[in-house]
Structures are given as structure tokens and as C-alpha cells.
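# Architecture at a glance
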Protein chains: 2
Amino acid sequence: MSPRKTVGILGGGQLGRMLTHPAALLGIPLLILDSGSYTPAKQTLLAPEPHSHPDGPFTSESHIRELAAKCDVLTVEIEHVNADVLEQVEKEGLCEVQPAPKTIRLIQDKYAQKKYLADNGIPVAPFAELGVNPSEQDVQAVALKLGLPMMLKAKTLAYDGRGNSPLQSTDSAAIKASLDFLGDRPLYAEGWAPFVKEVAVMVVRNKEGEVRSYDAVETIHRESILRVCLAPLRGHRGVNQRARELAEKAVSHLEGAGIFGVEMFLMEDGSLLLNEIAPRPHNSGHHTIEACLTSQFENHLRAILSLPLGSTSLRVPSAAMINILGSSSSMDPVHHMADSALSVPGAAVHLYGKAESRKARKMGHITLTAESDAELNERLREILAAQPDADKSWIDPIAPPAPEPAHSHAKPLVGIIMGSDSDLPVMLPATKILDQFKIPYELTITSAHRTPERMVQYAKAASGRGLRAIIAGAGGAAHLPGMVASETSLPVIGVPVKASVLDGVDSLYSIVQMPRGIPCATVGINNSTNAALLAIRILGTSIPALNVATEEYSKKLEEEVLVKVGILAEEGWEKYAAERLKK
Amino acid sequence: MSPRKTVGILGGGQLGRMLTHPAALLGIPLLILDSGSYTPAKQTLLAPEPHSHPDGPFTSESHIRELAAKCDVLTVEIEHVNADVLEQVEKEGLCEVQPAPKTIRLIQDKYAQKKYLADNGIPVAPFAELGVNPSEQDVQAVALKLGLPMMLKAKTLAYDGRGNSPLQSTDSAAIKASLDFLGDRPLYAEGWAPFVKEVAVMVVRNKEGEVRSYDAVETIHRESILRVCLAPLRGHRGVNQRARELAEKAVSHLEGAGIFGVEMFLMEDGSLLLNEIAPRPHNSGHHTIEACLTSQFENHLRAILSLPLGSTSLRVPSAAMINILGSSSSMDPVHHMADSALSVPGAAVHLYGKAESRKARKMGHITLTAESDAELNERLREILAAQPDADKSWIDPIAPPAPEPAHSHAKPLVGIIMGSDSDLPVMLPATKILDQFKIPYELTITSAHRTPERMVQYAKAASGRGLRAIIAGAGGAAHLPGMVASETSLPVIGVPVKASVLDGVDSLYSIVQMPRGIPCATVGINNSTNAALLAIRILGTSIPALNVATEEYSKKLEEEVLVKVGILAEEGWEKYAAERLKK
């Protein structure tokens, strides 16, 4: 007998299925309420003896009451449940419900949710109530307030874009078309949020109110359906941390325990607007199964059972999630997407065990984990190419192709910078070495003295953009490497460039003699080759294959010398010296 | 309908259970043959509709035949199966069997297995046949040949030490006791292998003969039962690679597809002896679920179904597996072990769903993943402390305690070395910084000129021991940093120590002006503080928390200066300068 409480789940789809695995691992007895005996979730965990999973609609009062009688805690894998029954069940002391039915009810009404968040100081896009069957004039009045374009939205039962209609003009025809599309549901309007990225954060909260967030992810939608997540969120300095803090703050205003998916917009100016919250495991957290120390599913169970919350840390430097959506009633494209991932290293296929495919139905997903964004990017291109609706114009912005020779990589691990284009000839050997070791890098000019602001911005953003080392070349009063080191937490490698006087000693001293507190890894004068090799050794601490590559490189150096030893012995040193002079 | 072939598994225990998860993810229909309807494996995956899992002994011919009729491929989760029936089933074309029944039969007989491996050039401990009920004289004759102590072993049905008896002397009484313990099974004898470590490698092989190994692990047994695995294997240079090559070679001599567990002894001189092979998923590969890109279980299914083999690479720098064994019929200690892991970051609990506990029964396991051996070590100590039979003398050799102040850590990430004890005062500030950032390090003396062999050995072993950076201090003709850089693929940070003449410029030039090909990261003269801070930035590329720590450190430096700015403005510069002089 497990000493754990029995959990009842309303809903037996893929989210329930992914809850069954940690439940089995932790010995948590689960009962799943849904119609059918072979739903995705029921396939992957037997009910605890002597029970069987209840068969019936998860909205049915009698079924919920029957389930509650056998369980210690009820939870949901979908928010479109009967919150009233859940509230009564809890009031009657029949069973605990997590998260709180009140929270589920609040979230079911998108307008009420938005108002509650705004009232609690959470930044959201401007919005206004419209009600049921608003008149043309009502819509026009709201449009005057919010501006165009704006979104008309159903307050309830809206997901995957099904309750949204964008409005570009206040023509009668346009308004009528939108209102007809949305039908006679209660509506509200939302001002357009011209976001640069969509962002999501999973947050787990226990009954004591302890809140832990996962790293933010970038979510990429197509026709309002989530297609790809990239973790962690890259970009502006600190945006990941700010997104987490906002999500934690929003969830701290909700009642009850469990995992919450918080969706946000990242605006041009770096600010964040909260879009909406899901009171359950969420598609934007599926990567946490492989990529994090504790998955969103396990943490949901831990939270509702008052077990210690698990660490939300990433276990890998870079991860992605790609949905496998049905494209028709045929299962062939689904199997094709799954099978194509089998030959991609680091890809984990998750099929949901659904017997029938439909257009846009979530049939499974693929998680990718990688040692770097660049490695992930390459593998992601392979995975995306197997999506039935993929084309270059969709794939390239998500996972850019390899750069043209002598151009910067879109997901660099090393940044090469120099104070002046006159340093370029000295710095080019570094690019040759990085090319040879297939390290993604970027190269640009930024000067400590002539472009100080650009230098500071570059240095401050470097770590958040995924760089792991910076190579900086400078000559004379060579301040660039040390100044960059002062504005980043990355290792900075300084290359003293020999200027027209002092033989490079001025550059060397300027770079190596940094004050205590700010280190700069200095290599020999004009020796950008060694700077690149040092960067590779640094990368080797997180990418083990580069250790092997470095050993092979050293071995090759040894062999080259040994060849010369042989020729010297054979030809004699006078001939050898004469021939060397000719080269 | 899944397009995948249906797999039948003989055995429904924990190994079968761990096969069900990837089967569900990949949409592989599974039928599990074992007695009972609620075995560990049957709990976690329904049989494909309209089937149910067959209920009966996995050794029963009629049940195997019935299973074969419903499946495309049969496989095993235990080797003590009826190999004859499997062979017939395959001969009759009823069903494919993987791995080959011939291989299963070979492995069932430990003596035949050892002889086959030895005949194929695989190094094994010396051994000799004894047969059924050998006489005292037979045993004495073998002891003369193999030496004492030696092991008497049952050829078949021996696992977890149940068929082994060590023989320390050839006294009649000792021989009789051993033979009585082993009973009237066919026996053989094995010479003692005075190993320094036990090592295991999981190897997957597909039908085309492609073979891929996982990183080697150190296996730690107690009373012949596996208790702890540490991945990857640390130690002598190249031992991990050599163990993998030996395991791959051994498996390449076996027929059929699937995953194989290869157990080895690592001897004092660094050589490896093969101990035995399991033709199935193995306890020493359980960490692969969380720690590797593709688990041993998924790769077994991929191999037997001719799907592309998955990458065997580690996803994390350091991992461990700790078995949860029953200690009596009480489940309490089992739950205690599982629960204590919930508050350890990076610990994943796997309970096997067994209803009854018995002494030494495998009830579950815990996987630990960590960013470094040191982090793993600390967490492992917590996990081990919850084992009912744990005491300091058992835990400390597996997971050493934190060092005394000013002593080297057992699992260092940074090595500080210097050419002479006269460099110690200059190098001590590096230790203060590493202590402050809680970085595990070691400190020792090795001289390029006075202990050249020791220096080379240190440098060559550093990477395999888990170090990620070396700080080397030297003065005058300062060869140590560059020479060490020549013998390792790790980043080496050189600290030029100011000697009695030339103001340290000789040291600086000797360290920084390395030839193209071998980089040395040079910091300012006598500035070991910056060397340590640089090492921390390098570690930060694989341990994200150190990025944050570096930013906080820089912030503190800034604040310290700002405090001085305030005092200067308040007191005036004359008083300030006078007070500074007094310090």
C-alpha cells in the first residue's frame, strides 16, 4: 500500500497521460475521470487495486461526486470543468480540490481573469467589456478607446484561437463578420499588443504559498496554435528573469496549489504584458520532462500533495519542444513526424496514444535537448522539415540556416570583437580555427573609445544571448578587452595587437595588467590563433566532444613536427634551411 | 493503429516496467507475459486493444507460444527463460526473438559465457571447470592452478551473489562449506581478481551489427548486490574509453539485437577484465533514463525493432543511481528512502510498484543528476544517509565529506598548482576567492623542472578526473603553465609570479608568449585573485549560477568604490589620504 493520497484527475487526455508517469514513479494512486476506457491517460497507468478508472464525462456532477468519494484530492488537466460542483464537493468536505475551484472559475472567464490581474497591478494589454451581442456602436466606442487593430474575444471556452477575431477596421461589414464569427457568447475587446516575441513561464505553487518558476521560454504560434517552444528565452539582458518574476507575482494572486502556465507578450521596449494563465500543466512546459530537474507534471503532483517542490532548474543548456499536430484524419503525417525525429540525436518522441487524427489535433510532441543553441538550431531544422506545412519562410526565422562563409552565425557561442578594422588581419586566424572546429561565432567591430555605448551594450547582452566566451583584440592603449570584461560575467580573452610603436608591449600590458576583481585571459601578442584555441578549451568544459577535438589538434601539431624531424634527418639541415627560406 | 510491430516481453518486473514508458512514447504495442495482472510492468501500460496482458509464468511453453502468436518480436527482461522454446518459436517462423536465443542460452551458463569470451580474445580472470559435485581433490587441483583466494561459482541461475562462494583456504572444512553452500549445481572456479573498481558499460546493438556504448560507470556493490552507480567513470586517463571499447568488442561477438550490460573489473595497473554480460536492460544503466539522450530501455526497443539507434551521450556532466532495496517485509524504509530524495535537487525517484517488500528486494531506485561531481557528491551524501544500513564508513568512501579548511576537495573542479612552495603566498588569494564562491578545488606543488614526470602525469590525468580548469603559478623562466597546457585539453590559467629580479616581466613573457597551437590564459603579475575569478567565469559556462555570482561580485566591487567616493566627499581628500596611509 502506498502511503500517498489518492488523486482524481478530471480529464484523461495527453496532460493526464503525462501526469501518470511521475505518479507511477512516486507511487501516487491515480483515478482518471473521462469517457472511454482507453483514453491517452488511462492507457499508461492502471487504477490502484481494486478500482478501475471511472468512465464518464469529466463535467458530469454524478461522476465527479463518485470520483471524489474515492479520492483525497481532485485536480484538473483541463480548465473547462464544472467549477460549481468542485466547489460544492470541497465545501461538503467530500474531497480537497486543487487548484481552488474559485481560481478555475476566474480563469474560465478571460475577461474576469484579465480584470483581476489588472486590479492586482499586473501589466496587461488595454481591454474593455462588450457583453453578449454588442451593437455596432458598442464596438466602435470601444475601438475609439483601444485603437485599431483590436481583438474581439469570447470570454469563455476560447482556446487555440477559437474564440478570437481580429478587427482591422470599424466598417459595419468588418464588425458584423467578427461578431458573426464569435456568435452569441459574452465578449470583450483587447487592444493590439505589437509584441516582438511571445513568452511563457510555468509556475508551481504549493498550499503554503511557496512559488517556483521555470526558466521562461519563447513560444511560437501559427494560426493561434502553439507549434514550437525554445528554452531558455534568449535576448535582452535580464528578460528571462523579469518574465519569471512577473509570472510568479501573477500566480501569487491566485488561490490553490498546482502548476500554472503563464503566457506573456514581450514588447519592443523590453517590457512584458501578461496575456493569460492556465491553471494546469501547459503545452509550453512539456520540454520540462527531459530538460528540467523536475517536470511540470511531477511538480503539479508534488504541489497538490504537499510534497516538497522539486527544482525547476534546466538540466541542459538548450531545449526545444515541437508539437506533432494532426494535419488530416490520416495518421501517416503523424507517424512521419515521429519517425523522422528518431534519427536526430537528443530528440525524444512523445506520442499521446490517440487512435484518431484530426486537423490541428495535438497528437504528440518532440523534445529536443542540446549542448548549445547552435546544436539545437541545427537539429531543430531537421525536425521542422518533417512538419507537413513547413517551408523555408516558416523554418528560417525559427531556426536560421547556417551562415554564408565569413558571416556571423545566428546562434554564436563565441563573439570576436576588435577595436578597429585595422585589427582584422590579426584577428582572422581566430576565425580559421573556429571554422576548423565548427564552432558557431560572430565577428564585429566595437571600440572602447570610439563606440563606448555600443561596447557596453554588446558586453551586457552577451551572456543572455547565449555567448560563452568573448575574444577581444586591441592595440596600443588596448582598453577593449578589459572594459568588456567589466560589463559581462563571461570569460573574456584579450589579444594584444602589435601597433606601429612599442612592438605590442603596450597592448600586452594594457590587457594583462587588469586590477584585482576583473580578470582578462591574455594570450601572446598578435596570437589570435591561441585566443580561439583557448575559447575552444573553455567551451570544452561544457561540450565534452571539444576536449577530444583539442586532443586531436595537439596530436596533429606533434605529428607535423615529427614529419619535419624526418625530413631534417633525411635531407640534412643545410638543404632543409635553404628550402625553408624559399617558402 | 500504430504502424509499429507488437513486442512481447517475457517477464513483467521493474525492467519490463521501465520498458513500458518508451513503448508508450513511441507508440509500440507491448504484451507482457508474467503471472498476475498487477505486476510492476503491467501497471504502467495497457495491452493494445483488444488484447490483455497474458497471465502466466514466463517460462511456460504454452504461454510463450500463445504470446508469440500475437507478437512480431519477443524479447526478455530476465535471462532465466526457456531458451529452447524461444529457439523453436523462432525456427518455426512463429515470431522473431531478440536477442538471439543462442545468446541467451550462452549467457545463462556463466562458465560457457566466460569460455566463449576468452576464446574470442576478451580478457577475463583465470577460470577452470569443476562440474557437478567435484571432489575435494578436484577443488585443490584447481586452487593450485588459480591460486588462493578463489571463487567457486555456480554456472547457472546465479545472480546478486547467490551462486558465489569465496574460498580462502584448501582445508577440507572450507571446501566442504563452500560446496555445501552451492549445492549440487554444476560449478566452476575463478581466480581472484584484486580489482580497484568495478565498472559497467551498457551496449546496444542492432540487427545490422551496429554497436553503440554508453559512458562507463563505476558500480559499487555491498554483499554482492549493486547499490550505487556513478557516471561517468572517473580516474586514470582514458579508462572510460577503454572500458567502452572492450564492452563493444565483447558484445560484437554475440548474436542478436538489444541492449547488453557488460560488467568489468578495473585492476591496479589500469587493465580491465570482463566479468559477465547480461543480455537485457541492466541495473547499472538505470541512470540513462534521466542522464542520457536515449535511455537503455528506449534503445533496447529501437534495436529490436530496427528503428534508428538513439544517441548514448550523457545529457549532464555527472550522474548517480542509488538502489532502493527492501530491508524487511516493512514498506516503511522503502518510503523513507523515496521521500528523503524529494527534497534533494536533481533527485528523481523511481518506485517499482511492488506491493511487498523483502530484504534485498529491488523496490525502486533514485537517479541523481548534477552540474559537477562535487555537486553530485554533496547530494549523494544526503541520499545515502537515508539508506537503512548506511554508516559513515560506508558513505565516506563513496561520497567523501567536505574537506577540512585549507585541504584539497575530493572532487575538485579547479586545480591550483605552482612550481615551488615559495609561490604559495602569491597563490593563496586564489584559494580565498574559490572558497568565497564555494568552488571545490585542490592545491599542490609540481615543478616543470624539478618534478617533470609528476607534472606530466598531473596534466594528463586532469580532465579524466573531472577538473575543468587549472591555475598554474610560476616565476622566472616560468614554464609550468605552458608545459601543463601542452599535456591537457583543459583551459590553463597562468599566473606570472614576480621573482627577485626583472619585476615579474620574465615570468609574464614566459607564460603569455606561447607558440601558436597551445594557448595559456595569462593574468597580471602576482594576480592569482584574477586567475581564480577567471576560472569561475570559465566554470560559469557550464554552471549558470556562477554567472549570477560573478555579476554579484562585480556589483559588490562597484559598491565598495562608491562607499569610498562618499567618504572622500565627506572627509575631504587630505584627511582621506592620511587615513589611507595609516592602514
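Residues numbered from 1 in each chain as written. Chains lettered and ligands numbered in written order. Predicted model: local features only at pLDDT ≥ 70, side-chain atom pairs only at ≥ 80, totals over all residues. Heavy atoms only, no water.

## Here's the deal with the overall build of chain A
- Counting its regular elements, chain A contains 21 helices and 22 strands.
- By principal-axis analysis of the C-alpha atoms, chain A measures approximately 100 × 60 × 50 Å.
- Split into buried and exposed, the 583 residues of chain A put 59% on the buried side.
- Partitioning the intrachain contacts of chain A with sequence separation of at least 6 by distance along the chain shows that 62% fall at a separation of at least 24.
- With an accessible surface of roughly 22900 Å², chain A has 54% of that area assigned to carbon and sulfur atoms.
- In chain A, 58 positive and 67 negative side-chain charges are present, and the distance between their average locations comes to 2 Å. (Helix = DSSP H or I, 4+ residues; strand = E, 2+ residues; numbered from the N terminus. Buried < 20%, exposed > 50% of the residue type's maximum accessible area, 1.4 Å probe, protein only. Contact = heavy atoms within 4.5 Å. Areas by Shrake-Rupley, 256 points an atom, 1.4 Å probe, with all protein chains shown as cover. Lys, Arg positive; Asp, Glu negative; His and termini not counted. Charge placed at Lys NZ, Arg CZ, Asp CG, Glu CD.)

## Side note on unusual backbone geometry
- Look at the link from Leu 148 of chain A to Pro 149 of chain A: it is a cis peptide, with omega at -10°.
- On the secondary structure map, Pro 149 of chain A appears in the loop between helix H7 (136–146) and strand S6 (150–154).
- Here Ala 231 of chain B and Pro 232 of chain B are connected by a cis peptide whose omega angle stands at -10°.

## Looking at empty space enclosed by the protein
- Following the criterion strictly, the structure yields five cavities of 30 Å³ or more and no others.
- Volume-wise, the largest cavity comes out at about 820 Å³.
- Lining the largest cavity are 46 residues, with His 21 and Ile 289 of chain A together with His 21, Leu 25 and Ile 289 of chain B sitting closest to its centre.
- Of all the elements in the fold, those that place two or more residues in the lining of the largest cavity are helix H1 (14–26), helix H10 (288–291), helix H11 (296–304) and strand S16 (347–351) of chain A together with helix H1 (14–26), helix H10 (288–291), helix H11 (296–304) and strand S16 (347–351) of chain B.
- A per-class count over the lining of the largest cavity returns 23 nonpolar, 14 polar and nine charged. (1 Å grid on protein atoms, 1.4 Å probe; cavity = no way out; pocket = protein on both sides within 12 Å on 5 of 7 lines; lining within 4 Å. Points joined across faces, edges and corners; volume = space filled by probe spheres on them. Nonpolar A, V, L, I, M, F, W, Y, C, P; charged D, E, K, R; others polar.)

## Comments concerning the interface of chain B and chain A
- Counting residues at the interface gives 84 residues for chain B, matched by 84 residues for chain A.
- Carbon and sulfur atoms supply 55% of the area that chain B and chain A bury against each other, a total of about 7000 Å² over both sides.
- Across the contact surface, chain B and chain A share two salt bridges.
- For Arg 4 of chain B, the salt bridge identified is with Asp 339 of chain A, shortest N-O distance 2.6 Å.
- Where chain B meets chain A, there are 38 residue pairs in polar contact (both at pLDDT 80 or more).
- Counting residues per element, the ones that place at least two in the side of chain B that touches chain A are H1, helix H2 (40–43), helix H12 (332–341), S16, helix H18 (505–512), strand S22 (521–522), helix H19 (528–540) and helix H20 (545–571) of chain B.
- A per-class count over the side of chain B that touches chain A returns 41 nonpolar, 29 polar and 14 charged. (Buried area = accessible area lost by both parts, 1.4 Å probe. Salt bridge = Lys/Arg side-chain N within 4 Å of Asp/Glu carboxyl O. Polar contact = N/O pair within 3.5 Å; in protein donor to acceptor, adjacent residues only side chain to side chain.)

## A few points about the sheet that holds strand S6 (residues 150–154) of chain B
All names here are of chain B.
- The strand order across the open sheet built from four strands is S5-S8-S6-S7, with neighbouring strands paired in antiparallel fashion. Across the chains shown, the open sheet's two edge strands, defined by having one partner strand only, are strand S5 (127–132) and strand S7 (164–167). This sheet shows a mean twist of 25° between the axes of neighbouring strands, independent of strand direction.
- Taken together, the five bridges between S5 and strand S8 (residues 186–191) define a ladder with antiparallel strand orientation. For Val 132, the partnering residue across the bridge sits in S8 and is Pro 186.
- Strands in contact with helix H6 (residues 110–119) are S5, S6 and S8; relative to S5, the strand with the most contacts, it is inclined by about 150°. (Pairing = 2+ DSSP bridges. Axes fitted to C-alpha atoms, helices over the stretch in contact; angles between N-to-C directions.)

## Things to note about the pairing of S16 of chain B
Residue and element names in this part refer to chain B.
- In terms of residue burial, S16 counts as a mostly covered element, since five of its five residues are buried.
- In S16, alternate side chains face the same way, and those of Ala 347, Val 349 and Leu 351 on one face and Ala 348 and His 350 on the other are all buried.
- Relative to strand S17 (residues 362–370), S16 runs antiparallel, the two being bridged by five bridges. Each bridged residue has a counterpart across the sheet, and for Ala 348 the counterpart in S17 is Thr 367.

## So, the packing of aromatic side chains
Residues and elements named next belong to chain B.
- Overall, the coordinates contain eight aromatic pairs over all chains when judged by the stated rule.
- When the ring of Tyr 111 is compared with that of Phe 127, the centres are 5.8 Å apart and the planes differ by 70°; the resulting orientation is edge-to-face. Linking Tyr 111 in helix H6 with Phe 127 in strand S5, this pair joins segments that are 16 residues apart in sequence.
- Overall, the relative accessible area of 17% leaves Phe 127 in the buried class.
- Look at Phe 195 and Phe 265: their rings are 4.9 Å apart centre to centre, the planes differ by 5°, and that puts the pair in the stacked class. Taken together, the positions of Phe 195 in strand S9 (residues 195–205) and Phe 265 in strand S13 (residues 258–267) put the pair 70 residues apart, joining distant regions of the chain. (Phe/Tyr/Trp six-rings, centres within 6.5 Å; stacked < 30°, edge-to-face > 60°.)

## As for the relation of the copies chain B and chain A
- For these two chains of identical sequence, chain B goes onto chain A by a turn of 180° and a shift of 0.0 Å along the axis, with RMSD 0.0 Å. A rotation of that kind, with that shift, is consistent with a two-fold axis. (Least-squares fit on C-alpha atoms with pLDDT ≥ 70 in both.)

## A word on the nonpolar core
- Val 414, Ile 471 and Ile 493 of chain A together with Val 414, Ile 471 and Ile 493 of chain B are the most contacted members of the largest nonpolar core, which totals 58 residues.
- Contact partners of Ile 493 of chain B, with chain neighbours within four places excluded, come to Ile 470, Ile 471, Ala 472, Ala 521, Val 523, Ala 531, Leu 534, Ala 535 and Ile 538 of chain B. (Core = buried A, V, L, I, M, F, W, Y, C linked by side-chain atoms within 4.5 Å.)

## Quick word on the sheet that holds strand S2 (residues 30–33) of chain A
All names here are of chain A.
- Judged by pairing direction, the sheet is parallel, and its four strands sit side by side in the order S2-S1-S3-S4 without closing on themselves. Each edge of the open sheet is held by one strand with a lone partner, namely S2 and strand S4 (96–97).
- Here two bridges tie strand S3 (residues 73–76) to S4, and the two strands are oriented parallel to one another. By the bridge assignment for S4, Val 73 is matched with Glu 96.

## Section: the pattern of salt bridges
- Taken as a whole and assessed by the stated rule, the structure comprises 56 salt bridges over all chains.
- With a closest N to O distance of 3.9 Å, Lys 555 of chain A and Glu 558 of chain A form a salt bridge. With Lys 555 of chain A and Glu 558 of chain A both in helix H20 (residues 544–571) and three residues apart, this pair spans about one turn of that helix.
- Between Arg 105 of chain B and Asp 84 of chain B there is a salt bridge, with its nearest N and O atoms 2.8 Å apart. Note that Arg 105 of chain B is positioned in helix H5 (residues 101–108) and Asp 84 of chain B in helix H4 (residues 83–91), a separation of 21 residues in sequence.
- Judged by relative accessible area, which is 32%, Arg 105 of chain B ranks as partly exposed.
- Through salt bridges with shared partners, one network takes in Glu 61, Arg 65 and Glu 92 of chain A.

## With respect to a nonpolar patch on the surface
- The grouping of Val 561, Leu 562 and Val 565 of chain A at the surface amounts to a nonpolar patch, some 270 Å² of accessible area in total.
- Tracing the backbone shows Leu 562 of chain A in helix H20. (Patch = residues over 30% accessible without salt bridge, like charges linked within 9 Å, V, L, I, M, F, W, Y side chains within 5 Å.)

## Examining the domain arrangement of chain A
- Parsing chain A into structural domains produces domain 1 (7–98), domain 2 (126–191), domain 3 (195–398), domain 4 (414–541) and domain 5 (548–581).
- For domain 3 of chain A and domain 5 of chain A, the distance between their C-alpha centroids amounts to 53 Å. (Domains from an automatic or database assignment.)

## Some words on the pairing of strand S19 (residues 441–445) of chain B
All names here are of chain B.
- Pairing analysis gives five bridges linking strand S18 (residues 414–418) to S19, with the strands arranged parallel. By the bridge assignment, Met 418 is partnered in S19 with Ile 445.
- Crossover handedness for the path S18 to helix H15 (residues 424–436) to S19: right-handed. (Right-handed = clockwise from strand over helix to strand, strands pointing away.)

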